[in-house]
Amino acid sequence: MTRQQAHQLAVGLISAVAALVVIPIVLVILFIIVRGIGTLDWEFITTVPRSGMKEGGIMPAILGTVILTFGTAIACIPLAIGAAIYLAEYARDTRLTRWVRLAIVNLAGIPSIVYGLFGLGAFVLFLNLGTSIIAGSLTLGIMTLPVVISTAEEAILAVPQRFRMVSLSLGATRWQTIRSQVLPQAMPGIITGVILGLSRAAGETAPILFTVSAFYLPRLPHSIFDQTMALPYHLYVISTQVPDMPLSIQYGTALVLMLIVLSLTLIASIVRTKMRRRREW
Amino acid sequence: MDNQILASTGDGNKIEVQDFSFYYGDFPALKSLNLSMKRNRITALIGPSGCGKSTFLRSLNRMNETIRNTRAEGVILLDGKNIYDPAVDVTELRQHVGMVFQRPNPFPQSIYDNVAFGPRVLGLAGGGSRLDQIVQESLEGAGLWHEVKHRLRTPALDLSPGQQQRVCIARTIAVKPEVILMDEPCSALDPVATLHIEDLMRRLAEQYTIVIVTHNMQQAARASHWTGFFWLGELIEFRQTGEIFRSPQEKLTEAYITGRRG
């Protein structure tokens, strides 16, 4: 086999593997779109469920997911970015910070049901917040923390050292350097991490199972201490817990959830490419 | 002219270094240096790579402290005040002792924002027209104003490397330093841009005290008043540039400037 043939073989194999990964994803997406698109109309996304969820829309679940995503953002973003700045810019390499980093990496890999149980124990019961939007947001927020911390830290570390040097050499303090040079330049990466973290939170069922989700609540929540429906849990309920559920509603719900998560991911990649084009080191 | 400056500033020394040593961990990068640098003069530091000249330069604005596990000993006086005194605020020191780096390194922002960065973080200008004025003066000082005055809001990175380096010089003088440190400022530039920067240095020396590290022997000979030759962390010879190049007293210096070692 000549070197050229070896090259072609390698390219062929890699392309085949890539196709193997991409094709099922595309098929799943297409399948859900085809089966769910018929259900998707204005009534479906703007009205409450009726007749034991077998008719009507899924508006409370959509809104619940939107609210929970915002709540997750509020709970997660300040903590995650603060931690990332500390780890990237201030923390020295000690045994303690090595343990903290190790913990963050490991926390990112913990199954989401564990976060759900943690939320139940810590927020619902110990802090006595009950099954509520605030308990659910905190649980999802904590689950999202490790991913956002890691991506934000990487984005901050990717800012070339020379800009910090220049800023310090001009008499800026370290905090001024971070705020006026490092963070703006790291922002595309940070925002990407945040949105990807939130899109994962929006699609999770397990963390909200015990902490916020209502099985059937055909109204809007009254406050952050109230329960709410949410799309992932609603999908779980109507797919497994309710007999004789029309398939159209199940696929419609899945389609809406998928569209929300996909649009968050899409926003992330748009932000990334747009802001990356502006910076040219 | 020389006598006037000397008369107006006492002994004329802007910076005095006394028994200054610097360590990276246990490695002595600078060994008990003693020298004085004259006000409004250009002092060139030459020597082979790793001889300590850049380390010495960064000791003058304490930028070495951003590297962990380093230690300084001895005294460096700026206008008679020890910059290594624990009471010294390093951000204030760095405002007085500015620095231009080896590679042009403008921030990925507009020309205006680059030059305005220092005055903004130090609160030197209330903003608005005063800041505009500082930016203009600084760009004029760096000999760049007429080339960029119509495009102040365009990215500094769109300029040529030589122009970028002059943006960096403008950014440095915008905070009104007294001393400007230059770490091989022309090593990434073409010969024409290099001569541009050297002309600029001569003009800047009327207002500032300049210390420049250079690998380029001709540059040291052309552009400086005083030259110091570093070798393995020691200052081997430090004299007026004309003398050191015409008749070096030390064998090592002679070998280096005639190209037999380094």
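Note: the structure precedes this text.
Keep in mind that what you see is a predicted model, and the values were worked out from it rather than measured. (Residues numbered from 1 in each chain as written. Chains lettered and ligands numbered in written order. Predicted model: local features only at pLDDT ≥ 70, side-chain atom pairs only at ≥ 80, totals over all residues. Heavy atoms only, no water.)

Undergrad: Help me understand the overall build of chain A in this model?
TA: Summing up its helical and strand segments, chain A has 11 helices and 2 strands in all. Put simply, chain A runs from its N terminus to its C terminus through helices and strands in the order α-α-β-β-α-α-α-α-α-α-α-α-α. Taking the principal axes of the C-alpha coordinates as reference, chain A spans close to 70 × 65 × 35 Å. For chain A, buried positions account for 44% of its 281 residues. Considering only residue pairs separated by 6 or more positions, chain A has 74% of its internal contacts joining residues 24 or more positions apart. Element-wise, carbon and sulfur atoms account for 71% of the exposed surface of chain A, whose accessible area totals about 14,600 Å². Seen as two clouds, the 20 positive and the 11 negative side-chain charges of chain A have centres 13 Å apart. (Helix = DSSP H or I, 4+ residues; strand = E, 2+ residues; numbered from the N terminus. Buried < 20%, exposed > 50% of the residue type's maximum accessible area, 1.4 Å probe, protein only. Contact = heavy atoms within 4.5 Å. Areas by Shrake-Rupley, 256 points an atom, 1.4 Å probe, with all protein chains shown as cover. Lys, Arg positive; Asp, Glu negative; His and termini not counted. Charge placed at Lys NZ, Arg CZ, Asp CG, Glu CD.)

Undergrad: I would appreciate a short explanation of the overall build of chain B in the present structure.
TA: Across its full length, chain B holds 11 helices and 10 strands. For a compact globule of 262 residues, the expected C-alpha radius of gyration is about 18 Å, and chain B comes in at 18 Å, within 12% of that figure. Structurally, chain B occupies a C-alpha span of about 55 × 45 × 40 Å along its principal axes. Burial statistics for chain B: of 262 residues in total, 54% are counted as buried. Intrachain contacts of chain B at a sequence separation of at least 6 include 68% that bridge at least 24 residues. Accessible surface, chain B as shown: approximately 11,500 Å² in total, 48% of it carbon and sulfur. Within chain B, the 29 negative side-chain charges are centred at a point lying 3 Å from the centre of the 29 positive side-chain charges. (Rg over C-alpha atoms; globule rule 2.2 N^0.38 Å.)

Undergrad: Sorry if this is basic, but what is going on with the pairing of strand β10 (residues 234–240) of chain B here?
TA: Two faces belong to every sheet, and in a regular strand the side chains alternate between them. All names here are of chain B. Direction of pairing for strand β9 (residues 226–231) relative to β10: antiparallel, over a ladder of 6 bridges. Counterpart to F229 in the pairing with β10 is E237. Here β9 folds back onto β10 in antiparallel fashion, the turn holding 2 residues, of which L232 has a positive phi close to 50 degrees. (Pairing = 2+ DSSP bridges.)

Undergrad: It is not clear to me how the sheet that holds strand β3 (residues 42–46) of chain B should be interpreted in this structure. Could you clarify?
TA: As a general point, the strands of a sheet are linked pairwise by backbone hydrogen bonds and lie either parallel or antiparallel. Residues and elements named next belong to chain B. Ordered by their spatial adjacency, 6 strands build an open sheet running β6-β7-β8-β3-β9-β10, and the pairing between neighbours is mixed. One side of each edge strand has no neighbouring strand; the edge strands of this open sheet are β6 (97–100) and β10. Neighbour-to-neighbour, the strand axes of the sheet open up by a mean angle of 20 degrees, direction not taken into account. (Axes fitted to C-alpha atoms, helices over the stretch in contact; angles between N-to-C directions.)

Undergrad: What am I meant to see in the packing of aromatic side chains here?
TA: Here the distance between the centres and the angle between the planes together describe a pair of aromatic rings. Considering all chains together, one arrives at 11 aromatic pairs over all chains under this definition. For the ring pair F31(A) and Y251(A), a centre distance of 5.7 Å and an interplane angle of 80 degrees mean the geometry is edge-to-face. Highlighted residues: F31(A) in helix α1 (residues 3–36) and Y251(A) in helix α11 (residues 247–278), separated in sequence by 220 residues. Using a relative accessible area of 41% as the deciding quantity, one classes F31(A) as partly exposed. Between F118(A) and F123(A), the ring centres sit 5.9 Å apart and the planes meet at 85 degrees, which makes this aromatic pair edge-to-face. One aromatic cluster is present, built from ring pairs that chain together F163(A), F107(B) and F117(B). Lying over the aromatic face of Y112(B), R153(B) brings its terminal NZ or CZ to 4.0 Å of the ring centre. One residue, R171(B), lies across the ring of F107(B), its end atom 4.6 Å from the ring centre. (Phe/Tyr/Trp six-rings, centres within 6.5 Å; stacked < 30°, edge-to-face > 60°. Lys NZ or Arg CZ within 6 Å of the ring centre and 35° of its normal.)

Undergrad: Whenever I open this one, a nonpolar patch on the surface confuses me. Can you help?
TA: On the surface, V17(A), L20(A), V21(A), V22(A), I23(A), I25(A), V26(A), L27(A), L30(A), I33(A) and I37(A) cluster together to form a nonpolar patch covering roughly 1,000 Å² of accessible area. Take L27(A): it is sitting in helix α1. (Patch = residues over 30% accessible without salt bridge, like charges linked within 9 Å, V, L, I, M, F, W, Y side chains within 5 Å. Salt bridge = Lys/Arg side-chain N within 4 Å of Asp/Glu carboxyl O.)

Undergrad: How should I be thinking about helix α5 (residues 112–126) of chain A in this particular structure?
TA: Note: α-helices contain 3.6 residues per turn, so residues at a spacing of three or four share the same orientation. Residues and elements named next belong to chain A. Compared with the 21 Å implied by 1.5 Å per residue over 15 residues, the 20 Å span of α5 between its first and last C-alpha is a close match. Remark: the principal bend of α5, roughly 30 degrees, maps to G119. For α5, the full list of buried residues reads S112, Y115, G116, G119, A122, F123 and V124. Contact partners of the buried residues in α5: α4 (95–108), α6 (133–157), α8 (174–203) and α9 (206–209). N128 lies just past α5 and shows a positive phi near 60 degrees. (Expected span 1.5 Å × (residues − 1). Bend = angle between axes of the 7 residues up to and from the residue.)

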